Amino acid sequence: AAAAAAMESVEQHTGHVPTTAEIRRAVDAARAVAADRTPAACLEATGPMTAARLLQQLHDGRARIEALGFRATGNSVDETIYTFEAFSRSVTKAAAHGCSGRDAGGDGNNLLDEVEPKQQILEFLLDVNEQSRKRRSRVTTLLTRLLGSTDAWRTAAKADCTLQARIEELVVDIDKP
């Protein structure tokens, strides 16, 4: 049914019904493009990310988390998930910006170090983990990425015994980079 609807749509827009060979070529081309979409290729496709642009995305993500009161509980599930996903994407991009995450100026400041308040953001991520079973592996991956990025995130996690214990339930060892 979906194929018939797609063919009807193509026919309406082009006045031509695609042949089976044309459909196969289109599907093969789409599969080839999808296979080439590695994380690095996806980042390159969106254009070069400057450190300033990445930092702005990180701050926007933090602002969204702050708007939710640094809590997943008591907020719209959709808004919480959207906020988590946006923050996760910005952290992933910042981490991929370079092995060290350093900005183009080379002053050694890790972009992820600039994000504050770290403890409250970690609390939000743990809250998302408790609220959304579907995102538990993504939360664990994000926590691991943050804790492995710089000493500042590990220090923030260890500054509160309860926070540290909750994180260590998900991430085996906070000190492991």
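The text that follows walks through the structure, step by step, so that each part is easy to find. (Residues numbered from 1 in each chain as written. Predicted model: local features only at pLDDT ≥ 70, side-chain atom pairs only at ≥ 80, totals over all residues. Heavy atoms only, no water.)

### Side note on the overall build of the chain
Rules: Secondary structure elements are defined from DSSP: runs of H or I of at least 4 residues count as helices, runs of E of at least 2 residues count as strands, and each element is numbered from the N terminus. Accessible area is worked out with a 1.4 Å probe on protein chains only. A residue is then buried under 20% of its type maximum, exposed over 50%, and partly exposed in between. Whether two residues are in contact is decided by their heavy atoms, any of which lying within 4.5 Å being enough. Per-residue accessibility takes into account occlusion by the displayed protein chains alone, with areas from the Shrake-Rupley method and a 1.4 Å probe.
Along the chain, the regular secondary structure elements total nine helices and zero strands. Order of helices (α) and strands (β) in the chain, N terminus to C terminus: α-α-α-α-α-α-α-α-α. Within the chain, the fraction of its 177 residues that count as buried is 31%. Within the chain, residue pairs in contact and separated by at least 24 positions form 63% of the contacts whose partners lie at least 6 positions apart. Total accessible area on the chain is roughly 10600 Å²; 53% of this is exposed by carbon and sulfur atoms.

### Focus: the packing of aromatic side chains
Rules: In this analysis, rings of Phe, Tyr and Trp, with Trp reduced to its six-membered ring, are considered paired at centre separations within 6.5 Å, and the interplanar angle assigns stacked below 30 degrees, edge-to-face beyond 60, and tilted for intermediate values. For a lysine, the NZ atom is tested; for an arginine, the CZ atom; a charge sits over a ring if that atom is within 6 Å of the ring centre and within 35 degrees of the ring normal.
A full pass over the atoms with the stated rule returns zero aromatic pairs. For Lys118, the ring lying beneath its charged end belongs to Trp153, and the centroid distance is 5.3 Å.

### Digging into the pattern of salt bridges
Basically, it comes down to this: Note on definitions: salt bridges are taken to be side-chain nitrogens of Lys or Arg within 4 Å of carboxyl oxygens of Asp or Glu.
Scanning the entire structure with this criterion turns up eight salt bridges. The salt bridge involving Glu66 is made with Arg62; its shortest N-O contact spans 2.4 Å. Of the two residues, Glu66 and Arg62 both sit in helix H4 (residues 51-67), four residues apart, roughly one turn of that helix. According to the relative accessible area criterion, Glu66 is partly exposed, its value standing at 42%. For the salt bridge of Arg71 with Asp127, the shortest nitrogen-to-oxygen distance reads 3.4 Å. With Arg71 in the loop between H4 and helix H5 (77-96) and Asp127 in helix H6 (residues 118-131), this residue pair connects regions lying 56 residues apart in the sequence.

### Side note on helix H8 (residues 151-158)
Note the cut-off: Here the arc refers to the set of directions running from the helix axis out to each C-beta atom.
Here H8 has its buried residues at Trp153, Arg154, Ala156 and Ala157. In a view along the axis of H8, the buried residues occupy a sector of 160°, so they form one face of it. Seen from the buried face of H8, the exposed residues on the opposite side, beyond 90 degrees, are Asp151 and Thr155. Contact partners of the buried residues in H8: H6, helix H7 (136-149) and helix H9 (161-170).

Spatial relationships are all this shows, so hold off on functional conclusions.
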